[in-house]
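Breakdown of the fold
One-letter residues, chain by chain:
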Amino acid sequence: MIRSLSIRNFKCFAALDLELAPLTLFTGFNACGKSTTIQTLLLLEQTLRGPISYPSLMLNGPILNLGTTTDIVYANAGSSKAVGIGVTSGDHAIRWQFIAKDRILAIHDVEEMDGPRRFSYSGDDLIGIRPQGSLRTTVLSSLESMIYLSPARQVDTEVYPSAFGAGLPQGDVGSIGQYASWWLHEKGDDEALVSRRHPDFPGRQALRQQVNAWMSDLFPGAEANSRLIDRTNLVRLELRSGVTSDWVRPANIGYGMSYAFPIIVAGLCSAQEQTAILDSPEAHLHPRAQSRVGHFLSQMAGSGTQMLIETHSDHVLNGVRIAVRDGLLSPDEAAIYFFTGNKDVPVVRLSVDKNGTLSGLPDGFFDQAERDLANLAGWDS
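Described below are features of the structure shown in this document.

Criteria and cut-off values
- Residues numbered from 1 in each chain as written.
- Predicted model: local features only at pLDDT ≥ 70, side-chain atom pairs only at ≥ 80, totals over all residues.
- Heavy atoms only, no water.
- Helix = DSSP H or I, 4+ residues; strand = E, 2+ residues; numbered from the N terminus.
- Rg over C-alpha atoms; globule rule 2.2 N^0.38 Å.
- Buried < 20%, exposed > 50% of the residue type's maximum accessible area, 1.4 Å probe, protein only.
- Contact = heavy atoms within 4.5 Å.
- Areas by Shrake-Rupley, 256 points an atom, 1.4 Å probe, with all protein chains shown as cover.
- Core = buried A, V, L, I, M, F, W, Y, C linked by side-chain atoms within 4.5 Å.
- Pairing = 2+ DSSP bridges.

1. Points about the overall build of the protein chain
The number of helices and strands found in the protein chain is 9 helices and 19 strands. Over its C-alpha atoms the protein chain spans a radius of gyration of 21 Å, differing by no more than 12% from the 21 Å that the globule rule assigns to 381 residues. For the C-alpha atoms alone, the extent of the protein chain along its principal axes is close to 70 × 65 × 35 Å. The burial tally for the protein chain puts 54% of its 381 residues in the buried class. Of the contacts formed within the protein chain by residues at least 6 apart in sequence, a portion of 59% connects residues at least 24 apart. Accessible surface, the protein chain: about 16,700 Å² in total, of which carbon and sulfur atoms supply 49%.

If you want it as structure tokens, here you go:
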């Protein structure tokens, strides 16, 4: 689990330091740094999963394609054009420094902290961006095992690839959800963790039963099923809106189901202490389902999987607040960040108490509904 993130001279940020909780929400205005913050972690993951001796930050790959150094180095970084990224997991921390050379960010040096002990690495001390003499691998393991689900989902097919032999970490459904069907097939008969079971159906022990319990929670009566296609490595996904309905391909049912399905599978299949990054889990969901997916993600975070969530949905936020009130998360296990677009104070952290009440709300924090109602009523004249 990732405890903190430090960024220097990356895209819109000269400097940013954030503490990350078991569940962390990134909210705020568009183009103010939410995705940028998450991209630093994804770039490290992409690089660590790539060729072991890759000598720079992999800006373009299977997870992200960000271009060249001119696209990602902070405009006023100075002549050195140095980019720094630091990650802490437990009491283990690694700080990377990269230098822009031509079109790449070449690794310059690495500092590792293991409690009070500090070690520096450069040149032959590094294997790619990995410290060759690293005493611990907590940070590296946390980054390599991350699950990332982008705002897009693969919904225009009924046949999905197998993850067999792909070397994916537990529960990694793929950035567009393409492996979710395979994980349901592979792990469907395993026993779901008690702490992750739907509160109304705790006796349904199999993971596939819990996938359907949570699917039905978001879309009353909905179910999902996956099965291998004979003599292939492909998996067929079928969805239906009720137990008496016919199974149909994802393209022939509401997009909300297809978008939520990989979220549920990732949450239920993920391992303890693993980190999942979810971008816009509210996509294509009715407001009630948005609130319930916030509740679901909170329960998964409370059961051991770290959830880093980028969202524009006040319903997802409210689902998290209800989960805190209901005791699924303690207040200090939920961090809510609002990205302001203000250069002096780019990010504000909000406080949530045991009743789910928020304090320290900045201007523009999910207040558009109230503004619009005031406009309609003529109160803002």
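2. Observations concerning the nonpolar core
Within the largest apolar cluster, 56 residues are counted, with the highest numbers of intra-cluster contacts made by Leu23, Val211, Phe261 and Met307. For this core, the element with the most residues is helix 6 (residues 255-269), which contributes 9 residues.

3. Remarks on the pairing of strand 7 (residues 104-114)
Moving residue by residue along a regular strand, the side chains alternate between the two faces of the sheet. Where strand 4 (residues 56-57) meets strand 7, 2 bridges bridge the pair, whose relative direction is antiparallel. Each residue of the ladder has a partner; that of Leu57, found in strand 7, is Leu105. Strand direction decides the pairing type here: strand 6 (residues 92-101) and strand 7, joined by 10 bridges, are antiparallel. Looking at the pairing, Gln97 lines up with Asp109 of strand 7. Taking the residues between adjacent antiparallel strands as the criterion, strand 6 and strand 7 are bridged by 2 residues, where Asp102 takes a positive phi near 55°. Note that strand 7 and strand 8 (residues 117-121) share 5 bridges and pair antiparallel. Residue pairing across strands places Asp114 opposite Arg117, the latter belonging to strand 8. Where strand 7 folds back onto strand 8 in an antiparallel hairpin, the turn is made up of 2 residues, including Gly115, whose phi is positive at roughly 65°.

4. Re the pairing of strand 18 (residues 347-352)
Across 4 bridges, strand 17 (residues 334-339) lies against strand 18 in antiparallel orientation. Paired with Tyr337 across the bridge in strand 18 is Arg349. Bridge count between strand 18 and strand 19 (residues 358-359): 2 bridges; the pairing is antiparallel. Its bridge partner being in strand 19, Val352 is matched across the sheet by Leu358. The antiparallel hairpin formed by strand 18 and strand 19 contains 5 residues in its connecting segment, where Gly356 sits at a positive phi of about 80°.

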